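Overview (structure and organization)
Here's the letter readout for the chains.
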Amino acid sequence: MQRQDAVREIERLRAQIRHHNHRYYVLDDPEIPDSDYDQLFVSLRNLESGFPDLVTPDSPTQRVGGEPLSGFQTVTHEVPMLSLDNVFSIGEFLDFDRKARERLGGLIKSADDLFAEPEIPYCAEPKLDGLAISLLYENGLLVRAATRGDGATGEDITHNVRTIPSVPLRLLGDTVPARLEVRGEVVMPKAGFLKLNERAAAQGEKQFANPRNAAAGSLRQLDPRIAAKRPLEFYAYGAVQAIGIDFPPSQFETLQKLVTLGFRISQEVKRGHGTGFVQDFYADVLARRDSLAYEIDGVVIKVDNVRWQQELGFVSRAPRWATAFKFPAQEAITTVEAIEFQVGRTGALTPVARLAPVFVGGVTVSNATLHNFDEVERMDVRVGDSVIVYRAGDVIPKVVRVLVDRRPANSHPVDLPTCCPVCGSDVERPEDEAIARCSGGLFCPAQQKEALKHFVSRRAMDIEGLGDKWIEQLVDQGLIRSSADLFVLGKDDLLPLDRMGDKSADNLLAAISHSKSTTFPRFLFALGIRGVGEATALALARHFGRLEPLLAADEEALMRVPDIGPVVAESIATFFRQPHNIEIIQRLREVGVVWPDIEADAEREQPLAGQTWVLTGSLATLGREQAKEKLMLLGAKVAGSVSKKTSCVVAGEAAGSKLAEAEKLGIPVLDEDALLALLASHGLQS
Ligand code: JCF
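Okay, so let's go over this structure. Computed from a predicted model, the values in this text were never measured in an experiment.

As for unusual backbone geometry
Backbone geometry at Gln241 places phi at a positive 50 degrees, although glycine is not the residue there. Mapped onto the elements of the fold, Gln241 is located in strand E8 (residues 233–243). Positive phi is not limited to glycine here, since Ala654 has a value of about 55 degrees. Accessibility expressed as a relative area gives 77% for Ala654, which makes it exposed.

Below, the structure is given as structure tokens:
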């Protein structure tokens, strides 16, 4: 590149980076994904290394991002808080490892097996996506907590950090060090983040873009009572300034020592040798990324041996003995080419964004869900907008944010369609409900298809081989409209379908026929009544035993089923009031769909009816909850305290005052074995 062009390009990159630093560190409201920011930074650093004389002290590469915040005391870090350099591929990590081995030279050769290729001992941890902070302890007491800030100076956030339960206010153990600074990451676990955002949404407040921004925003509250209500956790990863306490000579043992001092560390920390170990660790943690409680954006790899760390030292802003091995980005920027509405099984309209294809989370994505119309309105997402899409694991990609600054001039808000895009029926959206629905019911081909897909699915009627593609064709060709039509299909109907062979037609017909003999809960689940999932279907089947009493039940009777509330009761009653649904059920029975009746709760033998039992102490085999459930199945009431009216007390291990009370009142007492025998005699094995 020409020097003149480099000057211009460097200025452009610096201006952009400065802008994004401000959005990120000061406003807690980043505009672009971290990976894009990293890209800008890498580009600038590469350019500057090609033209070293163009590096100026105010270049963003010459310090870590972040500006002191107003409203907080600044804190000077006695030992600067480093950031980590990144590697993005195994190739780049191999470079890191090779350079480290070269620098360690003789040291490593003498320490390792002389005949083997020398390998570096590494300590590996997940890279938590939170906020780095420093905790200063004097004489064992927490005296100051500070953000990293720019690495040299940060902000005093002691008042907020003191509210985090996993931050010890006093170090554990007998040795009380005169001074110790512990460093680590504050994160908001994914579950807590979702709850916080749900609450914010319900109250019409601004939602956080991701758990890290939520953690940062929480720590920047001036009022510690707000931070105290936020689900924050602290994970320690290092210690400096240790006076009056000895730390072991490795990163791995240092972490264990921090545990004995009362800190939480990541459960995933491992150590091993060489690049093979690191590669395995990376793959293992990446595979489990979604199941971890907190968000991570890679793994941190450190040379384990502290003496070797000292030997390797630092480059300007990062240690040479550690690196962040980043995962593929889960967020990317793309543009919205269209916004369409899909119609689901219950008629719910789901807005979907058609996107310019973009590589994110390891795959190319061109559709993302917008959940519901409320969400569309909240984000004000429009056709032509630049948006951030997020894709984690197998989850459906979603649009998380609109980059309003990049919005084209001629855009306009999305309107909720007034009629169903599939069948043209009116769209209804009850007031204060997020979900809009097509009112066409099973007249709407989209709802027909979705209802059928549900009906044949594995946990419902389990018709093997009847995938979505066949359902689409069967409905589109007018061969079926409802579930009952499936059972009168003949081979002549199937053979003309696209890609249907003789053998697959036979198999499909056999599978359809086979599914006729089912169970009552599966049948109820398959009907696709709104609010009736597998568990509710099972509860209904148990309670009513047979179809007829269920069909006859009104809302009040339905609410007597365990865990069924007024909303679901109404939905069930409404479903069975539709002549159309009754007709389909009748036809299903006519074509031979059958199931064995279940002994209904109401008809089950209730030998303990009218009795009140009390459980006390711990029951090793059954557990209290199960014992209670089984006694209730036999008709007993189970109470919490012993009185004259108590029929019998079951006393497990370490039974206390309730047992004494029973003995005083002369109430019969059974031990756990006797209870098990009683249950068994009524056909209730544990
Ligand atoms: O989990 C992290 N985000 C993390 C950041 C873990 C570490 O062990 C780190 C770090 C930043 C700097 N270690 C250093 C030295």
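Quick word on the sheet that holds strand E19 (residues 612–616)
Here we have four strands laid out as an open sheet, ordered E20-E19-E21-E22, and parallel in their pairing. Two strands bound the open sheet, and with one partner strand each, they are strand E20 (637–639) and strand E22 (669–670). Together, E19 and E20 form the strand contacts of helix H23 (residues 624–633), whose direction differs from that of E19 by roughly 170 degrees. Packed onto the sheet, helix H24 (residues 657–665) meets E19, strand E21 (648–651) and E22 and runs at close to 135 degrees relative to E19.

Considerations on the pairing of E19
Burial within E19 is extensive, with five of its five residues counted as buried. Burial of the side chains of E19 extends over both faces: Thr612, Val614 and Thr616 are buried on one face and Trp613 and Leu615 on the other. Where E19 lies against E20, three bridges are found, and the strand directions are parallel. The partner of Val614 across the bridge, within E20, is Ala639. This β-α-β element, E19 to H23 to E20, shows right-handed connectivity. Bridge count between E19 and E21: four bridges; the pairing is parallel. Across the sheet, the residue bridging to Thr616 is Ala651, located in E21.

Observations concerning the site of the ligand
For the ligand, the full set of nearby residues is Leu82, Leu84, Glu125, Pro126, Lys127, Leu128, Glu185, Tyr237, Val300 and Lys302. Interatomic distance of 3.3 Å between a side-chain N/O atom of Glu185 and a nitrogen atom of the ligand. Expressed as a share of its isolated accessible area of 360 Å², the protein-covered part of the ligand is 91%. Of all the secondary structure elements, the ones that give two or more residues to the shell around the ligand are strand E3 (121–128) and strand E10 (296–303). Counting residues per element, the shell around the ligand draws most heavily on E3, at four residues. Its residues placed into classes, the shell around the ligand shows six nonpolar, no polar and four charged.

Some details on the side chain of Thr254
Within the fold, Thr254 resides in helix H8 (residues 251–260). In this structure, Thr254 is in contact with Phe247 and Pro248, ignoring residues within four places of it in sequence.

Digging into the pattern of salt bridges
For the structure on display, the rule yields 42 salt bridges. The shortest N-O distance in the salt bridge between Asp34 and Arg212 comes to 2.6 Å. With Asp34 in helix H2 (residues 34–50) and Arg212 in helix H6 (residues 211–219), the pair connects residues that are 178 residues apart, well separated along the chain. The exposure class assigned to Arg212 is buried, which follows from its relative accessible area of 5%. The closest approach of N and O atoms between Glu472 and Lys453, which form a salt bridge, is 2.8 Å. Taken together, the positions of Glu472 in helix H13 (residues 468–476) and Lys453 in helix H12 (residues 445–456) put the pair 19 residues apart, joining distant regions of the chain.

Looking at the nonpolar core
By size, the foremost hydrophobic cluster in this structure holds 53 residues, and its most contacted members are Leu466, Leu486, Leu524, Leu540, Leu550 and Leu558. Other than its neighbours up to four places away in sequence, Leu466 contacts Val456, Ile471, Leu474, Leu486 and Leu508. Core analysis: the second largest hydrophobic core is formed by 33 residues, Phe72, Ile133, Val182 and Ile265 among them.

Quick notes on the packing of H12 against H13
Put simply, H12 and H13 touch, their axes get as near as 10 Å, and they point 140 degrees apart. In this view, H12 runs oblique relative to H13, as classed from their interaxial angle. Where H12 crosses over H13, the two elements pack in a sense that is right-handed. Across the interface between the two elements, Pro445, Gln448, Lys449, Leu452, Lys453 and Val456 of H12 pack against Asp468, Ile471, Glu472, Val475 and Asp476 of H13.

Considerations on the side chain of Ser515
Mapped onto the secondary structure, Ser515 falls in the loop between helix H16 (502–514) and helix H17 (520–526). For Ser515, the side chain forms a polar contact with the main-chain oxygen of Ile512, separated by 2.7 Å. Dropping the residues within four chain positions of it, Ser515 is found in contact with Met461, Ile463 and Phe487.

Description of helix H25 (residues 672–681)
Among the residues of H25, those classed as buried are Glu672, Leu675 and Leu679. Projected down its long axis, H25 shows its buried positions confined to an angular sector of 60 degrees, all on one face. Exposed side chains of H25 directed beyond 90 degrees from the buried face belong to Asp673 and Ser681. Contacts from the buried residues of H25 go to E19, H23, E21 and E22.

Brief notes about the packing of aromatic side chains
What the rule picks out here adds up to 16 aromatic pairs. When the centroid spacing of 6.1 Å and the interplanar angle of 35 degrees are considered together, the rings of Tyr37 and Phe41 count as tilted. Here Tyr37 and its partner Phe41 are both found in helix H2, four residues apart, which amounts to about one turn of the helix. Take Tyr37: its relative accessible area is 17%, and that puts it in the buried class. On the accessibility criterion, Phe41 (8% relative accessible area) is buried. Look at Phe93 and Phe96: their rings are 5.6 Å apart centre to centre, the planes differ by 25 degrees, and that puts the pair in the stacked class. Here the residue Phe93 and the residue Phe96 both occupy positions in helix H3 (residues 90–111), the gap between them amounting to three residues, near one helical turn. Taken individually, Phe93 and Phe96 each receive the classification buried, so the pair is uniform in this respect.

Re the environment of Ala124
By secondary structure assignment, the location of Ala124 is in strand E3. Sequence-wise, Ala124 and Gln207 are 83 residues apart; in three dimensions their C-alpha atoms are separated by 33 Å.

Observations regarding the environment of Pro596
Of note, Pro596 is situated in the loop between helix H22 (579–590) and E19. Here Pro596 falls in the exposed class, since its relative accessible area comes to 56%. When the C-alpha atoms of Pro596 and Thr519 are compared, they prove to be 6.5 Å apart, with 77 residues separating the residues in sequence. In this view, Pro596 contacts Thr518 and Phe520; residues no more than four positions away in its chain are not counted.

Conventions we followed
Residues numbered from 1 in each chain as written. Predicted model: local features only at pLDDT ≥ 70, side-chain atom pairs only at ≥ 80, totals over all residues. Heavy atoms only, no water. Helix = DSSP H or I, 4+ residues; strand = E, 2+ residues; numbered from the N terminus. Buried < 20%, exposed > 50% of the residue type's maximum accessible area, 1.4 Å probe, protein only. Pairing = 2+ DSSP bridges. Contact = heavy atoms within 4.5 Å. Axes fitted to C-alpha atoms, helices over the stretch in contact; angles between N-to-C directions. Right-handed = clockwise from strand over helix to strand, strands pointing away. Near = heavy atom within 4 Å. Polar contact = N/O pair within 3.5 Å; in protein donor to acceptor, adjacent residues only side chain to side chain. Areas by Shrake-Rupley, 256 points an atom, 1.4 Å probe, with all protein chains shown as cover. Nonpolar A, V, L, I, M, F, W, Y, C, P; charged D, E, K, R; others polar. Salt bridge = Lys/Arg side-chain N within 4 Å of Asp/Glu carboxyl O. Core = buried A, V, L, I, M, F, W, Y, C linked by side-chain atoms within 4.5 Å. Parallel < 35°, antiparallel > 145°, perpendicular 65-115°, else oblique. Left-handed = near helix turned anticlockwise from the far one by under 90°. Arc of directions from axis to C-beta. Phe/Tyr/Trp six-rings, centres within 6.5 Å; stacked < 30°, edge-to-face > 60°.

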